[in-house]
Every structure is written in structure tokens, then in C-alpha cells.
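Commentary on secondary and tertiary structure
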Amino acid sequence: MSNSNLLFSLGIGVTASLAVLTPAQAQTTAFTDVSSEHWAHDYIEVLADLDIIKGFPDGTFRPGAQITRAQFAAILRQAFLATEPVSAVKFSDVPQNYWGFAAINKARAAGFLSGYPGNIFKPEQPIARVQALVSLANGLGYTSDRPEYLFYYTDADRIPDYARSSIVAATQAQLVVNYPSSAKLTPNRYASRAEVAAFVHQALVQENQIEPLSSAPYVINPAALPRMQISTIPAQGMVKSLGLSASGERLVILSPAADMIQVWETHSAERVTEIVTDGQTRFETVAISGDGTQVAAILQTLPSNALELWLWNADTGEQLWQKSLGIAQGQQRDQSGFIRVPGANLVFRPGDDAILSQVSLGVDSGQPIDAQLQLYSTATGEVLKSIGQTQWYRQIELSPDGKLLAGIPFSGEMIDIWQLDSGSRLRTFTSESDYHRFRRMVFTSNSRLNVLSTKLEPLKKPTVNPSDRVQLDTWNVLTGESVRQITDLSWVDKYHSLSRLSPDGDHYLMFSVLLPRVQMYGYEIQNPHSPIPFNVRGGYRAVFNATGDYVAVATSEGVKFFRFDL
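Residues numbered from 1 in each chain as written. Predicted model: local features only at pLDDT ≥ 70, side-chain atom pairs only at ≥ 80, totals over all residues. Heavy atoms only, no water.

What follows deals with the sheet that holds strand E15 (residues 383-387). With antiparallel pairing, 4 strands are arranged side by side in an open sheet as E10-E11-E14-E15. Each edge of the open sheet is held by one strand with a lone partner, namely strand E10 (344-348) and E15. Looking at each pair of strands side by side, their axes are set apart by 15 degrees on average, direction ignored. (Pairing = 2+ DSSP bridges. Helix = DSSP H or I, 4+ residues; strand = E, 2+ residues; numbered from the N terminus. Axes fitted to C-alpha atoms, helices over the stretch in contact; angles between N-to-C directions.)

Now the structure itself:
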């Protein structure tokens, strides 16, 4: 192969380092087959001006032609390895008199390229897109802890196992340029000369050696991506309950029939353990510890309808202890004989040293009875504290330090704040309006509580401004002081039901029934300031992890797990 047939200049005698890349003074970059409308025009022009790539004697660049591994090594030499020494280790199929010998061995020594078994390089083999991106990411030392970026690509399943972490790193570094479909990586297709020019251009930008293009078409920018789905947990049917560990690395789900608990690794969608009842027992609710190593559940067992709190090792499924909670009472039984328990709350205290439970033993005149709060030691099952004279709370939240408990009763007319150590009520917040009811809350610090409330539409006033229907309040629970109030929450109308507040207290998951914009039910995430591009069609139950980095949404297709930068 002669030099005139290469897309690069060999750069014999080049001694300039990467830090002094400047346009070549005599370089002509007007290739006859690369019009200004070509998608890669600007990438090609910049690299040609820098004398990193060249065209052919007939004035063409041939942007769609393939590029060999040897040619790619020569481009790497021009762009990054001008001062890199030649490695003493040689490939058996690259003799010293081969035109690309120096470039190939420099690329090998710098960690950009490796060979195949048997110490061969295959210099004349075309390079695949995935190989070019892996080479750049590895040679420049890029890493990433965001495996969810792979799920942006519709053909992520075609990325070879060896390349997956490097493609994640290349994506985060904005090296990936996909034309014509940004969501399609086509990893195993041979790279074109135009694509390699784009990849190398973006690597030089990342290394701060050249300025980014004012318009960089088809570059994958993670900051601009919508929420990233990491996995789908193959749960069958509409799960009854779900929860995430604090880090979001583990998920617990309760089956639709309430007869099976499963713990899953969220990123890999691998099942850790499964706990199944014998047909005489039903799980009322389930919770997972912050560190993801323990699972707790409230059970009802036939024929006595006894209610118990059980704790298991989440890794092995081994039962650690069980404690009696009493006997369920009432006339509402299902066909199996289980009594309807109107509500059960179960949560691990931050630090995982204790479990807080609340379960009603029955209903009297439509109201839950004997809804006592109990705090149990996770180590022994010993009752650490009992809080009596409480209402049945449809939501309970613990402060980050585990010292305070907030509870919203079913009526939504108030919020009780309890001190767990003493078991005494600190204060009660009541709604400022006859038409507002408290719906969801979250502690954003040990003293701050963010609360969402909704306005009930009076019967005589069927039309209410949609922006007045939802209100976000922030209170200092220690002093009772109102810190902030936002009444103009956007994107909320009669089709929405508030589901969860994020841990930062500013974003809210909304369950949308027959949402006009999507024509079906699902979940959205919004905040008081601007709409967020997140919608999960068919979602009916959702939960954040403790930091708000992850969201799990139960759908009829399974539990979908997302990374979401709020």
C-alpha cells in the first residue's frame, strides 16, 4: 500500500506533542465528496486542518469507505502519540518493514490497541465501530460508573461483553457519534472514515486539545439524555408492594397474590432470594433494609388470623426472628379466610438498627382499631418503644437521623410529629384550608419536612384552577415554623394522583389516569419549576431510593428500574 492511498499522513519526523495541535498552514480541506451538508463535514475539516487525516490524490476523502486497523493506528499516532516511544514488543504479523509498524507499536504501548491470540494484530482487517471506541476510551484512560448509559442504545444487546464498560466510558466522555440514528450504536459494523474522524475529533475535545464544534450533530451527550432505564425486573402481574435499598442496588417486591417475596439486584436484574408462603400465610406488607441485607414483612396466618412481624437474611432467605402482633379481627374475609387488614406500615430506621411497624387489628365503624406503633430491634426482635394513642397513618416517614417520626392519617387533615426516643408527640400540623388535605411528605433534613397537599373541589364550585389543586409546603418540625410554600405547581390537573415525593422534597411522582398527553395511565416525574421528560406508560406503583438517584416503577411488563438525575 502506498502513502497516497492512506487517509492520514504518516507524519515522518513529527515531534510536536498533542498540546500544540495547530492547523497545518498549507493544508487544503475542500474535499470534493464532502459537501458542507455532509453530517461529518466539520469533524473531517478540523482533523484535516490539523494534518491528522488526509484525502486522496483525486481530491476525494471517501467518507463512507472502511478503515483498517493499521490506518486507525496511524491516526492515533498523529492525534495522540507523536512523542510516544515505539514498543519493543512486536506483533508476529507486523514486520519491522511494514509501513504502519511504528504507529501500531506506539498504539500498543500506549494502551490504545491490542492484538489477538497468538500475538497477531491483523493490520489489514477493517476496524469495527466498537473497537475504535474501545481503543479511544482505553488509551485515554476513561472510566465511568454509569452502566445505565448502555440502555440508551436500542441495540445495546449487540455490544460485546468485553466492550461494555468501555462503551459506557466513551458515552460519558461524549466520544460516541451515531449517524443517522442517535439511539443506534451499530457496534459491530465496520467504522467508516467519517465516523472515525468524528470519534477522534470528540476525543481531542475531551482532552482539551481543540475547541468543541458550535454544533456537534449526532454526538451522544449524557447530560441531555432522558432518564436512563437500567433494567426490567421480570415480576409477574401487578406487584402488591415494592421497595429499594438506600443505594438503589437492591429491590424487594411482593407478589400480586401476596404469597411470595423476591429480592433482586437492580442493575443486573438477577434474583437474590425468594421467600414463599405455604398457602396458609399471606404477606401484608414488606420492607428492605437500607443496606439491602435484610427483609422484613408483616404476615397473617390461617386459621387463627394471627399477625406477626418476621425478619429474614436477604441473601440467604434464612429467618432471623418473628414476633407476634396480635389477632386480626373483622367480618371482611376473602375466599381463603384471610381478614382484610385496612393498613400496614413497615420501615427500617436509618442505620438499620430498628424496624418501625404499624398494623391495624381490625375495623370499628369504618375506622382502623388498635393501630399501635412499635419499634423493634433488628438484632433481637425486642420491642424498643411502643407509641400508643396514635391514629392509623397511611404514610409514615422517619427523619434521616431516625429520631423523629412523621405520620399522615387517612383523613389527611393533619400531620403528627413524634419523638421516637421518648414516644411523645412533638407537635401536630393542621391544614391551613378547609379544602386542602395532606397527601405525601418527606424529610429533607433532620428538621425540614416537605409536604404535598391537594385542594378538594367543593361541590358548589366544580371548576377550580388546576394550578391551585396542589401545594408544596416546607416546615421546620422542631420549631413549627413555615419555611416555604409553593402553590403554583405545574403540570398537575384532575388526571393526576400524587404518589411519591423525592428525597430532595422538590420532585414528585404522579400517577396519571387517562392522561390526555399519552392517552393511558402511567407515571410522571415533575417539579414546581419545569416539566421533566419522564413518563412510564402502564406504571401503577413507584418508589425512589433514599438518595433519589433511582426510581423503580411497577408495570404490567415487570418492574422497570431507572437512573434519574433530579
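Right, picking up where we left off after that structure.
Here we come to helix H6 (residues 193-206). With 14 residues, H6 extends 20 Å from end C-alpha to end C-alpha; this agrees with the ideal 20 Å at 1.5 Å per step. With respect to burial, H6 is a largely interior element, 13 of its 14 residues being buried. Looking one or two residues past H6, Asn 208 carries a phi angle of roughly 60 degrees, positive in sign. (Expected span 1.5 Å × (residues − 1). Buried < 20%, exposed > 50% of the residue type's maximum accessible area, 1.4 Å probe, protein only.)

Time to look at the packing of aromatic side chains. Counted by the stated rule, this structure contains 15 aromatic pairs. Both rings, one in Tyr 98 and one in Trp 99, keep their centres 5.4 Å apart while their planes meet at 35 degrees; by these two values the pair is tilted. For Trp 99, a relative accessible area of 21% corresponds to the partly exposed category. Measuring from ring centre to ring centre gives 5.0 Å for Tyr 550 and Phe 561, while their planes differ by 15 degrees; the resulting arrangement is stacked. Here Tyr 550, found in strand E29 (residues 550-555), pairs with Phe 561, found in strand E30 (residues 558-563); they are 11 residues apart in sequence, far enough to count as distant. By relative accessible area, which is 1% here, Phe 561 ends up buried. Following the ring pairs from residue to residue traces out a cluster consisting of Trp 39, Tyr 43, Tyr 179 and Tyr 218. Sitting over the ring of Phe 121, Arg 69 keeps its end group 4.2 Å from the ring centre. (Phe/Tyr/Trp six-rings, centres within 6.5 Å; stacked < 30°, edge-to-face > 60°. Lys NZ or Arg CZ within 6 Å of the ring centre and 35° of its normal.)

The next thing to look at is the pattern of salt bridges. Throughout the structure, instances matching the rule amount to 12 salt bridges. In this structure, Glu 274 engages Arg 271 in a salt bridge whose closest nitrogen and oxygen atoms are separated by 2.9 Å. Given the relative accessible area of 49%, Arg 271 is considered partly exposed. Salt-bridge contacts for Arg 349 lead to Asp 353; the nearest nitrogen and oxygen are separated by 2.7 Å. Residue Asp 353 is classed as partly exposed on the basis of its relative accessible area, which comes to 37%. Residues joined in a network through salt bridges with shared partners are Arg 129, Arg 189 and Glu 195. (Salt bridge = Lys/Arg side-chain N within 4 Å of Asp/Glu carboxyl O.)

Per-residue pLDDT for the chain averages 84, and the proportion of residues at 70 or more is 82%. This model gives residues 459-467 a pLDDT under 50, and the stretch forms 10 contacts once residues within four places in sequence are excluded. Across residues 514-522 the pLDDT falls below 50, and counting only partners more than four positions away or on other chains, this stretch makes 30 contacts in the model. (pLDDT = per-residue confidence, 0-100. Contact = heavy atoms within 4.5 Å.)

Bringing helix H5 (residues 164-172) into the picture now. Buried within H5 we find Ser 166, Ile 167, Val 168, Ala 169, Ala 170 and Thr 171. Structurally, H5 contributes buried residues whose contacts are with helix H4 (129-139). Backbone geometry just after H5 places Gln 174 at a positive phi near 60 degrees.

Take the sheet that holds strand E18 (residues 414-419) next. On the basis of which strands lie adjacent, the open sheet formed by 4 strands has the order E16-E17-E18-E19 and antiparallel pairing. The two strands at the open ends of the sheet, each matched to only one other strand, are strand E16 (393-398) and strand E19 (424-430). Geometrically, the sheet is characterised by an average inter-axis angle of 20 degrees between neighbouring strands, direction not taken into account. The sheet contact formed by E16 and strand E17 (residues 404-409) spans 5 bridges and is antiparallel. By the bridge assignment for E17, Leu 398 is matched with Leu 405.

What follows is about the packing of helix H2 (residues 69-80) against H6. With their axes 11 Å apart at the nearest point, H2 and H6 run at an angle of 25 degrees to one another. The orientation of H2 relative to H6 falls into the category roughly parallel. The crossing of H2 and H6 is right-handed. Where H2 abuts H6, its residues Phe 72, Ile 75, Ala 79 and Phe 80 lie against Val 196, Val 200, Ala 203 and Leu 204. In terms of residue class, the contact of H2 with H6 is made up of 8 nonpolar, no polar and no charged. (Parallel < 35°, antiparallel > 145°, perpendicular 65-115°, else oblique. Left-handed = near helix turned anticlockwise from the far one by under 90°. Nonpolar A, V, L, I, M, F, W, Y, C, P; charged D, E, K, R; others polar.)

Within soluble globular proteins, side chains that are nonpolar generally end up buried alongside one another. One finds Phe 80 and Ile 167 to be the most contacted residues of the largest nonpolar core, which totals 73 residues. Listing elements by their share of this core, those giving two or more residues are helix H1 (41-49), H2, helix H3 (101-109), H4, H5 and H6. For this core, the element with the highest residue contribution is H6, accounting for 9 residues. What Ile 167 contacts, discounting residues up to four positions off in sequence, is Val 130, Leu 133, Val 134, Leu 150, Tyr 153, Ile 159 and Leu 185. Ala 287, Leu 309, Leu 311 and Ala 328 belong to the second largest nonpolar core, which has 17 residues in total. (Core = buried A, V, L, I, M, F, W, Y, C linked by side-chain atoms within 4.5 Å.)

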